[in-house]
Amino acid sequence: MIEARLVLPRRGFALDVSLSLPERGVTALFGPSGCGKTTVLRALAGLERAAGRVVLGGEVWQDDAASRFVPTHERSIGYVIQEAALFPHLDVRRNLAYGLKRIAAAERRIALDQVVDLLGIGHLLERRPETLSGGERQRVAIARALATSPRLLLMDEPLAALDAQRKAEVLPYLDRLHEELGIPVVYVTHSIDEVARLADHLVLMDAGRVLADGPLAGMLARLDLPVAFGDDAGVVLDGVVGDRDERWQLARLDVDGEACRLWARDQGLPVGRRVRLRVLARDVSLTRTPQTGTSIGNQLRGSIEAIADDEHPALALVRVRVGSAAVVARLTRRSAHALELAVGMPVWAQVKTVALME
Amino acid sequence: MLSLAEWSAIRLTAELAGLTTVLLLIVGTPMAWWLARTRSPAKPVWAALVAMPLVLPPTVIGFYLLLLMGPQGPVGQITQSLGLGRLPFTFAGLVVASVIYSLPFVVQPLQQAFEAVPERTIEAAATLRASPWDRFFSVAVPLARPGFVTASVLGFAHTVGEFGVVLMIGGNIPDKTRVLSVAIYDHVEATEFAQAHRLAAGMVVFALVVLVALYVANRPRREVRPA
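This structure is a prediction, so every number in the text was calculated from the model and none was measured.

So, how was this worked out
One numbering rule holds for all chains: residues counted from 1, following each sequence as written. Chain letters and ligand numbers both follow the written order, the letters beginning at A and the numbers at 1. Per-residue local features are limited, in this predicted model, to residues with pLDDT of at least 70; the limit for side-chain atom pairs, both in listing and counting, is 80 or more; totals at the level of whole chains, interfaces and linings are taken over all residues. For the purposes of this entry, the term helix denotes a DSSP run of H or I that reaches at least four residues, the term strand denotes a run of E that reaches at least two, and both are numbered from the N terminus. Labels follow a simple rule on C-beta atoms placed from the backbone: if 20 or more others lie within 10 Å of a residue's own, it is buried; if 12 or fewer, it is exposed; otherwise it is partly exposed. Each residue is represented by a C-beta atom placed from its backbone, and any two residues with such atoms within 7 Å are regarded as in contact. For two strands to be treated as a pair, DSSP must find at least two bridges joining them. All axes here are fitted lines through C-alpha atoms, helices being fitted over the stretch that makes contact, and every angle between N-to-C directions spans 0 to 180 degrees. Here the word oblique covers every angle except those under 35 degrees (roughly parallel), over 145 (roughly antiparallel) and from 65 to 115 (roughly perpendicular). All residues other than Ala, Val, Leu, Ile, Met, Phe, Trp, Tyr, Cys, Pro, Asp, Glu, Lys and Arg, Gly among them, are scored as polar; the first ten of these are nonpolar and the last four charged. Take the far helix as your reference; a near helix turned counterclockwise from it by less than a right angle gives a left-handed crossing, and one turned clockwise gives a right-handed crossing.

J.: Please clarify how the overall build of chain B should be interpreted in this entry.
T.: Looking only at helices and strands, chain B has 11 helices and zero strands in total. Shown N-terminal to C-terminal, the secondary structure of chain B runs as helices and strands in the order α-α-α-α-α-α-α-α-α-α-α. If you line up chain B on its principal axes, its C-alpha atoms span 65 × 50 × 30 Å. Evaluated residue by residue, chain B yields a buried proportion of 33% over its 227 residues. Long-range contacts, defined here as pairs at least 24 residues apart, represent 72% of the contacts in chain B between residues at least 6 apart.

J.: What is the right way to read unusual backbone geometry from this model?
T.: Note: most peptide bonds trans; most residues except glycine with negative phi. All names here are of chain A. For Ser67, which is not a glycine, the phi torsion comes out positive at approximately 50°. The backbone phi angle of Ser149 is positive, close to 45°, even though this residue is not glycine. Inspection of the secondary structure assignment puts Ser149 in the loop between helix H4 (134-146) and strand E8 (152-156).

J.: Which parts of the structure should I look at to understand the sheet that holds strand E11 (residues 209-215) of chain A?
T.: Each strand in a sheet pairs with its neighbour through backbone hydrogen bonds, running either in the same direction (parallel) or in the opposite one (antiparallel). Residues and elements named next belong to chain A. What the six strands build is an open sheet, ordered E7-E8-E9-E3-E10-E11; its pairing is mixed. Edge positions in the sheet fall to strand E7 (77-81) and E11, since each of these pairs with one other strand and no more. Geometrically, the sheet is characterised by an average inter-axis angle of 15° between neighbouring strands, direction not taken into account.

J.: Can you help me understand the packing of helix H8 (residues 145-160) of chain B against helix H11 (residues 193-217) of chain B in this one?
T.: The geometry of a pair of packed helices is captured by two quantities: the angle between their axes and the separation between those axes. Residue and element names in this part refer to chain B. At their nearest, the axes of H8 and H11 sit 10 Å apart, and the two run at 170° to each other. By the angle between their directions, the pair H8 and H11 is classed as roughly antiparallel. Across the interface between the two elements, Val149, Thr150, Val153 and Ala157 of H8 pack against Ala207, Val210, Leu214 and Ala217 of H11. In terms of residue class, the contact of H8 with H11 is made up of seven nonpolar, one polar and no charged.

J.: I tried to follow the environment of Pro57 of chain B on my own but got confused; where do I start?
T.: All names here are of chain B. Its place among the elements puts Pro57 in the loop between helix H2 (43-55) and helix H3 (58-69). Given 10 C-beta atoms within 10 Å, Pro57 falls into the exposed group. Linking Pro57 and Val165, residues 108 residues apart in sequence, is a C-alpha distance of 8.9 Å.

J.: Help me understand the packing of helix H1 (residues 4-37) of chain B against H8 of chain B in this model?
T.: Residues and elements named next belong to chain B. One way to put it is that H1 packs onto H8 with a least axis distance of 8 Å and a crossing angle of 140°. Taken together, the axis directions place H1 and H8 in an arrangement best described as oblique. Relative to H8, H1 is oriented so that their crossing is right-handed. In contact with Thr13, Leu16, Ala17, Thr20, Thr21, Leu24, Leu25 and Gly28 of H1, H8 contributes Ala151, Ser152, Gly155, Phe156, Thr159 and Val160.

None of the figures reported here should be taken as evidence of function without further support.
Spelled out as structure tokens, the structure:
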């Protein structure tokens, strides 16, 4: 468990959060600019002095009650920021070695070769930071942080300074990090796309406070939060590739056996591969009977679990239970009224677009 | 070509400037680091104190140092009670005066260089397990290297060129306090223009060479960017 109780009065807003985060997987701190998510991350690192308590798996990093504050350089963390902050006077190899040679040999659980390989930077080792592209710089910064075998990896908008192409270049490495190293990650972002792709756990922040937190799938299926996600409100579904239709270049993605399966564009992933899908609320429509004569191929049979008003008074959000999974549909309230939708009612959810994320 | 007395003045000048520069780097580096990083409201006051020698006439500095270090002055009393004797009209006194006179020429370039070191780079070093001292020597100092070059060159050259303070504190004692600038003054006073020229022209060449070397050393490295 990562536990943090942090209070910091600041001009304009006051940070006041209590967090209890899992010590595995990726936890996203998500919220608008200035909501205090970066301050939380800096306080976890010891770079910012908030009042309170920080404990990582029984190791107390800060406890004001006991006058304990472990300085940053004695905390087993990796820290990656938007600007990478590589040392300009050192080449890539020496940047990587900087942290590595400052930890005890007994603490070295991750080999430098493994890190270099994981982030695909073997060909950059002799280069100087100013000769690297933004994406390469960010990969080196991540590798440099990992080389210290940290117990906790803190990332502050690591992709925010990159254009879409560079982002796409770095993202697969973040996926691999997630899969291959068992290091818990706290990831600050204001991009719901990054949350949907990378996070396992979500902490939603606003104006210095935690609005809600919990496992990602459950959080995204809540109807009281989509305001925070705006137009991109929608659920993520974890599934496996169940079949591939070579004729039509489609892949069948099984979320819950036969109860919830969806077809999406085949991206070459083998049958059996674990995948994450994202279904936006605006891409889901509801019908009371199965449809024929429609171009939409994905129709899921389920039942209405909850109905709530959306931010705009014309819109409503409806959560539909499909087997063990749930999808959220955004409809007009007029449609909901015309269909006489009610909790418990069986419906068909038509899914127009399924995004395959890894 | 140069007389023994003139060689002595040159040696004395070099010793004074060298020693002053070394002392200033030792004293000035922590001062510059503090000025660059502090958020203390007292910062402008300290920055102004450091800059004072830039605007005060050297004779004013020399006059007050003379009073301070003299037999009745507080510094003089301390040096005498420590058995060090009096500082005015000694080489040690000249060194003390030069350190104060050249202080801004060392502290200011260092301060600017330290201010240019991004906070996030220092923080990155902290997250990579570097202690505060370690961060200073492994990140701040290498990144402030051009500042150290500038500070050393300006500190040295400015000490070589001082005159008013030397005359007030050191006087004009051959082999002890007669430095180049004073020797030139003597030559001019005695209308020995040829001798004055030799030393003065030497100083001009020295200044030019030193400054060119400085600009070459601190030339920004051409950055290679990927296409």
